[in-house]
Amino acid sequence: MALVVAPPSHPTCTTTRFPIHHHHRQLLNLLENCKTMTQLKQIHAQALRTTTPNHPDTLYLYSRIMHFSAFSDLNYSSRLLPQIHHTNSFIWNTLIRAYAWSNHLKDQSIILYRRMLIEGCVAPDKHTFPFVLKACAFLSALSEGQQIHGHVLKLGFGSDRYVNNSLIHFYVSSGCLDLSVKVFEEMPERNLVSWNAMIDGFVQSGEFVAALRKFVEMQELLEPDGFTMQSLVSACGELGTLSLGMWVHAYMLRNCDSIVQNDVLMNNSMVDMYCKCGSVEMARQVFDRMDKRDVTSWNSMILGFAVHGEIENALEAFDSMCEMKNIMPNSITFVGVLSACNHGGMVREGKKYFDLMVEVYKIEPRLEHYGCMVDLLARNGLINEALELVSSMPIKPDVVIWRSLLDACCKRNADIELSERVAKQVLASEEGVSSGVYVLLSKIYASANRWEEVGLVRNLMSEKGIVKEPGCSSIELEGEFHRFISGDTSHPHTKEIYQTLDVIEQRLLNVGYVPDLSQATMIDELDDRKQNSLCLHSERLAIAFGLLKSRPGIPIRIFKNLRVCNDCHTVTKLISTLFDVDIVVRDRVRFHHFKDGVCSCKDYW
């Protein structure tokens, strides 16, 4: 059918028997009850035969046809647009929005906007820009979005809240947080959406403290809603601020309605936050009280159990999930299950669940699944089997997989030749040039007392400008963060902290503690200097500060950017019993819960 808006074949018949406005009303009524494109095409055909293009009601009729077809058949809508006489901004915006919301044609939204400008018959309005900026945000089309920002200012929409809210979201999505802040600060009037967009922008950009500060600022002006709370919960989870996360949870329960409190996405965020803050018990309480759960709910709980070393609970949760009739495990579920097996050193079970994923649930393994299996095999000493798996993978292994193999070579004292071969693969991988591989290789050489090679590795790092990532640990006390790096002397309480370290060291010596000097600086130096460097690792400074300032009976919670070394792990177990204190440490890989001289990882990490 040719999509041409032609005059009626017998206009006199229509105007004689029925007033034309009555006929338009009949077609509009048919459109309101239209359910399928077949019905729409019949109505469209009737409109082509019985309406005149210049009648004022015809334009509205075609705007409704465009609205229906845009969300049912974009191809039909795009062919319809050039055939409509005297189009208006609503018709253009309808099609721009449909493209912006589509799965695979978002770029057409920008192309259509450009065409709108070139033709010049209709000017963009305040509704046009949010739609096309949404497409730019998804496509990370920074240049195009900035040009559209220029059009916004040129056409006089610079003070419109809705347009500015879209600009904030666009700049955040494009990685330009500074520009989104500028838009926000220059807005003459803000609403709750504006604040939510800015707070969420800080969260997406990793500026979690700034997000919390912006929330405090917002509280003086507006009441937060569910979107605000979800962003705050995410910020608390990433920062590991359990006390603040609990405050946000309590605030939500006191001030938000039951719709927000029972929202699945909100509760999923709560489960994830409590797991990341080191309280898997609180996460489980939220999970158990949820009226409705989706696959993300189960995945968050399984991953939470896994990273906290509660392997049995993780696998039991997976079994319970499989019993649900309306929820099927997905690829993320099996990342959690395989991670649990990895953290528990369960090779046989890991292989079983990997086969279950592929053969029963027909899920194609991704890099994360192979990474779990390679790490599981290698850390259990099955390095050759891990290498065979890597060589048989249909996916190119990434630097994470090669580094996990190198780490296993280091911990398992693999032969130097094998370790060197793996190290070369790490360096050949994309993003392989980092301090981690050089440090691991130097440890391997040092454990074999090959100090000349250690020196060569360090010289190579110096030549390439690669600096070892410093250990950094943080502790939150009463809503305030305290960060320490190894050997830190910048904290206001440094004198007290080092006095506490001396007390800790003396108590350790009294119970027969012998430092593991293999974990000290990898150079051939005197043992007393090595021992001194161990004493000043960042987590020990944070623990000492926690012993100084924490209230009795409150666990000390430490967050470290690197893996805990063997010596600090041993020392933290001893401190937990010598000072009768629970210590929770989240390192780069997992959580360690130290209590009464025992760690939840069972010395396997």
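Here the structure is a predicted model, which is why all the values come from computation and not from measurement.

Comments concerning the overall build of the chain
Okay, so step 1: Along the backbone of the chain there are 32 helices and 6 strands.
Okay, so step 2: Along the three orthogonal principal directions, the C-alpha set of the chain runs to about 110 × 55 × 55 Å.
Okay, so step 3: Within the chain, buried positions represent 51% of all 605 residues.
Okay, so step 4: In the chain, the share of contacts with a sequence separation of at least 24, taken over all contacts with a separation of at least 6, comes to 63%.
Okay, so step 5: Entry remark: accessible area of the chain is about 29700 Å², with carbon and sulfur atoms responsible for 52%.
Okay, so step 6: Treating the 60 positive side-chain charges of the chain as one cloud and the 69 negative ones as another, the clouds have centres 6 Å apart.

Some thoughts on helix α28 (residues 451-464)
Okay, so step 1: Taking 1.5 Å as the rise per residue, α28 with 14 residues should run 20 Å; its terminal C-alpha atoms sit 20 Å apart, in good agreement.
Okay, so step 2: Buried residues of α28: Val454, Val457 and Met461, and no others. Viewed end-on, α28 has its buried residues packed into an arc of 60°, placing them on one side of the element. In α28, those exposed residues whose orientation departs by more than 90 degrees from the buried face are Glu452, Leu456, Ser462 and Glu463.

Considering the pattern of salt bridges
Okay, so step 1: Per the stated rule, a full pass over the model turns up 16 salt bridges.
Okay, so step 2: Note that Lys214 and Glu217 form a salt bridge whose closest N and O atoms lie 3.4 Å from each other. Of this pair, Lys214 and Glu217 both sit in helix α13 (residues 208-219), 3 residues apart, which is roughly one turn of that helix.
Okay, so step 3: Arg348 serves as the salt-bridge partner of Glu349, at 3.2 Å between the closest nitrogen and oxygen.

Description of the UniProt feature "repeat: PPR" (unreviewed entry) in the chain
Okay, so step 1: Per the UniProt record, the feature "repeat: PPR" (unreviewed entry) sits at residues 88-123, 191-221 and 263-297.
Okay, so step 2: End C-alpha to end C-alpha, residues 263-297 measures 11 Å, and it is 74% helix and 0% strand.

Structural notes on the environment of Tyr113
Okay, so step 1: Within the secondary structure, Tyr113 sits in helix α7 (residues 106-119).
Okay, so step 2: Here Tyr113 falls in the buried class, since its relative accessible area comes to 3%.
Okay, so step 3: C-alpha of Tyr113 to C-alpha of Phe131: the two residues are 18 residues apart in sequence and 9.7 Å apart in space.
Okay, so step 4: Tyr113 has contacts with Ile96, Pro124, Thr128, Phe129, Val132, Ile148 and His151, leaving out every residue within four places of it along the chain.

Quick word on the sheet that holds strand β1 (residues 472-477)
Okay, so step 1: Spatial strand order, β2-β1-β3-β4-β5-β6: 6 strands in an open sheet with mixed pairing. The open sheet has two edge strands, β2 (480-485) and β6 (598-599), and neither has a second partner.
Okay, so step 2: Here 2 bridges tie strand β5 (residues 591-595) to β6, and the two strands are oriented antiparallel to one another. The residue of β6 that forms the bridge with Phe594 is Cys599.
Okay, so step 3: Helix α32 (residues 566-578) contacts β4 (583-586), β5 and β6 of the sheet and is inclined by roughly 40° relative to β5.

Structural notes on the pairing of strand β3 (residues 556-560)
Okay, so step 1: The element β3 is extensively covered by neighbouring structure, given that 5 of its 5 residues are classed as buried.
Okay, so step 2: Alternating residues of β3 divide into Ile556, Ile558 and Lys560 and Arg557 and Phe559, and every residue in both groups is buried.
Okay, so step 3: Two elements, β1 and β3, share 3 bridges in a ladder whose sense is antiparallel. Within β3, the position partnered with Ile475 by the bridge is Ile558.
Okay, so step 4: Where β3 lies against β4, 4 bridges are found, and the strand directions are parallel. Within the sheet, the bridge partner assigned to Phe559 lies in β4 and is Arg586.
Okay, so step 5: Handedness of the crossover is the feature at issue here: the chain leaves β3, passes through α32, returns alongside β4, and the resulting connection is right-handed.

Quick notes on the confidence of the model for the chain
Okay, so step 1: Overall, the prediction assigns the chain a mean pLDDT of 87, with 92% of residues at 70 or greater.
Okay, so step 2: Confidence drops under a pLDDT of 50 for residues 1-18, and excluding neighbours within four residues, the segment shows 35 contacts in the predicted structure.

Focus on the state of the cysteines
Okay, so step 1: Taken as a whole, this structure holds 0 disulfides when the rule is applied.
Okay, so step 2: Of all cysteine sulfurs, the one in Cys410 lies closest to Cys409, which takes part in no disulfide; the gap is 8.7 Å.

A short note on the packing of aromatic side chains
Okay, so step 1: Taken as a whole, this structure holds 13 aromatic pairs when the rule is applied.
Okay, so step 2: With a centroid separation of 5.8 Å and 50° between ring planes, the pair formed by Phe484 and Phe545 is classed as tilted. Separated by 61 residues along the polypeptide, Phe484 in strand β2 and Phe545 in helix α31 (residues 538-549) bring together distant segments of the chain.
Okay, so step 3: Overall, Phe545 belongs to the buried group, its relative accessible area being 2%.
Okay, so step 4: Here the aromatic residues Phe318, Phe334, Tyr353 and Tyr361 are joined through ring pairs into a cluster of three or more.
Okay, so step 5: Its guanidinium or amino end placed over the ring of Phe287, Arg293 lies 4.3 Å from that ring's centre, counting from NZ or CZ.
Okay, so step 6: One cation-aromatic arrangement involves Arg507 over Phe579; the distance from NZ or CZ to the ring centre is 4.3 Å.

A look at unusual backbone geometry
Okay, so step 1: In the Ramachandran plot, Ser140 falls in the positive-phi region, its phi being about 55° despite a non-glycine side chain.
Okay, so step 2: Tracing the sequence through the fold places Ser140 in the loop between α8 (128-139) and α9 (142-154).
Okay, so step 3: Despite not being glycine, Lys362 shows a phi value in the positive range, around 55°.
Okay, so step 4: Tracing the chain through its elements places Lys362 in the loop between α22 (347-360) and α23 (367-379).
Okay, so step 5: The exposed category is assigned to Lys362, whose relative accessible area is 66%.

Reading guide: rules and limits
Residues numbered from 1 in each chain as written. Predicted model: local features only at pLDDT ≥ 70, side-chain atom pairs only at ≥ 80, totals over all residues. Heavy atoms only, no water. Helix = DSSP H or I, 4+ residues; strand = E, 2+ residues; numbered from the N terminus. Buried < 20%, exposed > 50% of the residue type's maximum accessible area, 1.4 Å probe, protein only. Contact = heavy atoms within 4.5 Å. Areas by Shrake-Rupley, 256 points an atom, 1.4 Å probe, with all protein chains shown as cover. Lys, Arg positive; Asp, Glu negative; His and termini not counted. Charge placed at Lys NZ, Arg CZ, Asp CG, Glu CD. Expected span 1.5 Å × (residues − 1). Arc of directions from axis to C-beta. Salt bridge = Lys/Arg side-chain N within 4 Å of Asp/Glu carboxyl O. UniProt positions renumbered as here; feature names shortened; annotations may be inferred. Pairing = 2+ DSSP bridges. Axes fitted to C-alpha atoms, helices over the stretch in contact; angles between N-to-C directions. Right-handed = clockwise from strand over helix to strand, strands pointing away. pLDDT = per-residue confidence, 0-100. Disulfide = S-S within 2.5 Å. Phe/Tyr/Trp six-rings, centres within 6.5 Å; stacked < 30°, edge-to-face > 60°. Lys NZ or Arg CZ within 6 Å of the ring centre and 35° of its normal.

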